[in-house]
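Architecture at a glance
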Amino acid sequence: MDSSRFSERIVVVTGGSAGLGRATAVAFAKVGAHVAILARDHERLRDAQEEIERYGVRCLGLSVDVSDADAVDDAAEVIESELGAIDIWVNNAMTTIFASLDQIEPAEFKRVTEVTYLGVVYGTMAALKRMRRRDQGTIVQVGSALAYRSIPLQSAYCGAKHAIRGFTDSLRAELVHEHSRLKITMVQMPALNTPQFEWCLSRMPRKSQPVPPIFQPELGARAILWAILHERRELYVGFPSVKAIIGNKLFPALGDRLAARDAWEGQMTDEPQAQDAAANLFAPVSGAVRAHGQFDARARSGSRELWLRRNLTWLLPTSLVMLTIGVALAVKNS
């Protein structure tokens, strides 16, 4: 991957102080990009900014609630004033509720939608407003396999991810109609080991967890950078995402039954859930967390499927050459 193309670029990552957003911001910093991170918690923003600046790049941390369209647009203006013209905008901020629909209040459902879906819309609007002037730039929508295959106990989050996909497809067609040079990609993530399972609102009887298999957030960060470099329309990350998305397209009713059977218990650990636990739905939860959640012992750092996808450009011709040589030797020795 020619990561030198990111050197000196200006990158914005929403939800960049923890989880996948933080891993992505750090990944960009490692290849020389200057990074702006948007999040709510001031202390975590400072910590993330310090980590990113260790790589010799500039970093700007801004306390912003992405559900506030004016605040997001104002932040974009500050970023361009202090860092420079925005080249890449990554819409990553999210929240969720782990509960069945009958346990969710309308205001709570609305809040998940405002952050996870409308936050992406507002970030995209802010980015487009500035990128259109130069007719260049890339917008990344961080999606999920759940943008195709919904699961129980996360109706608000799944609905938001589906909405992001529909919104992005519509916008992509508009950009094509305009003959725009702007790029937009959606990266569909597998289950990641991030802090969301520690601080998102849960009304389940036991503590929440990603549905296994679990991957480290750095895998998702590498996928985002690769998708940008290769101008991918959409990228499914990891075989579990591919299996869930393709399987749902082919056998949706079977997917319903499997989700009902496996994803219910699969989202819970054996530890009881404290019903008074702090949740980040309406306000940030303080604490010294970074990219990883509490599942390091179970999380995978790599994906064979993603490795194959990233290396097909040389694997395919090499395989054809080897096949040709093998056939030639077989003919010669026959």
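The structure this text deals with has already been given above.
Below or above, wherever it landed, is the structure these notes cover. (Residues numbered from 1 in each chain as written. Predicted model: local features only at pLDDT ≥ 70, side-chain atom pairs only at ≥ 80, totals over all residues. Heavy atoms only, no water.)

Here we take up the overall build of the protein chain. On a plain count of helices and strands, the protein chain comes out with ten helices and 13 strands. Burial analysis of the protein chain (334 residues in total) assigns 52% to the buried set. Sequence separation of at least 24 residues holds for 77% of the intrachain contacts in the protein chain that already meet a minimum separation of 6. (Helix = DSSP H or I, 4+ residues; strand = E, 2+ residues; numbered from the N terminus. Buried < 20%, exposed > 50% of the residue type's maximum accessible area, 1.4 Å probe, protein only. Contact = heavy atoms within 4.5 Å.)

Approximately 390 Å³ is the volume attributed to the second largest pocket. Around the second largest pocket, the lining comprises 14 residues; the ones closest to its centre are Arg-5, Arg-9, Asp-87, Gly-137 and Thr-138. Of the residues belonging to the lining of the second largest pocket, the class tally is four nonpolar, three polar and seven charged. (1 Å grid on protein atoms, 1.4 Å probe; cavity = no way out; pocket = protein on both sides within 12 Å on 5 of 7 lines; lining within 4 Å. Points joined across faces, edges and corners; volume = space filled by probe spheres on them. Nonpolar A, V, L, I, M, F, W, Y, C, P; charged D, E, K, R; others polar.)

Further remarks concern the packing of helix H3 (residues 69-82) against helix H4 (residues 106-134). The contact between H3 and H4 brings their axes to 8 Å, and the two run at 40°. Here H3 is positioned oblique relative to H4, judged by the angle of their axes. In the crossing of H3 with H4, the sense of the turn from one axis to the other is right-handed. Touching Ala-69, Val-72, Asp-73, Ala-76, Glu-77 and Glu-80 of H3 are Tyr-122, Gly-123, Ala-126, Lys-129, Arg-130, Arg-133 and Arg-134, all from H4. For the contact of H3 with H4, a count of residues per class yields five nonpolar, one polar and seven charged. (Axes fitted to C-alpha atoms, helices over the stretch in contact; angles between N-to-C directions. Parallel < 35°, antiparallel > 145°, perpendicular 65-115°, else oblique. Left-handed = near helix turned anticlockwise from the far one by under 90°.)

Of all the seven residues making up strand E7 (residues 183-189), six are buried; the element is thus mostly covered by neighbouring parts of the structure. Chirality of the crossover, the property in question, places the unit of strand E6 (residues 138-144), helix H5 (residues 155-177) and E7 among those that are right-handed. Where E7 meets strand E11 (residues 234-236), three bridges bridge the pair, whose relative direction is parallel. Paired with Gln-188 across the two strands is Tyr-236, which belongs to E11. (Right-handed = clockwise from strand over helix to strand, strands pointing away. Pairing = 2+ DSSP bridges.)

Turning to the packing of helix H1 (residues 19-30) against helix H7 (residues 217-229), a few remarks are in order. The geometry of H1 relative to H7 is characterised by a closest axis approach of 8 Å and an angle of 55° between their N-to-C directions. Taken together, H1 and H7 sit at an angle that is classed as oblique. Judged by the twist between their axes, the crossing of H1 over H7 is right-handed. Side by side, H1 and H7 meet where Gly-19, Leu-20, Ala-23, Thr-24, Ala-27 and Phe-28 of the first sit next to Pro-217, Glu-218, Gly-220, Ala-221, Ile-224, Leu-225 and Ile-228 of the second. In terms of residue class, the contact of H1 with H7 is built from nine nonpolar, three polar and one charged.

Looking now at a nonpolar patch on the surface. Nonpolar side chains collect at one region of the surface, where Ile-246, Leu-250, Phe-251, Leu-254 and Leu-258 lie side by side and expose about 450 Å² of accessible area between them. Mapped by element, the contributors of at least two residues to the nonpolar patch are helix H8 (239-250) and helix H9 (252-266). Tracing the backbone through its elements, the reader meets Leu-258 in helix H9. The class of Leu-258 is partly exposed, set by a relative accessible area of 36%. (Patch = residues over 30% accessible without salt bridge, like charges linked within 9 Å, V, L, I, M, F, W, Y side chains within 5 Å. Areas by Shrake-Rupley, 256 points an atom, 1.4 Å probe, with all protein chains shown as cover. Salt bridge = Lys/Arg side-chain N within 4 Å of Asp/Glu carboxyl O.)

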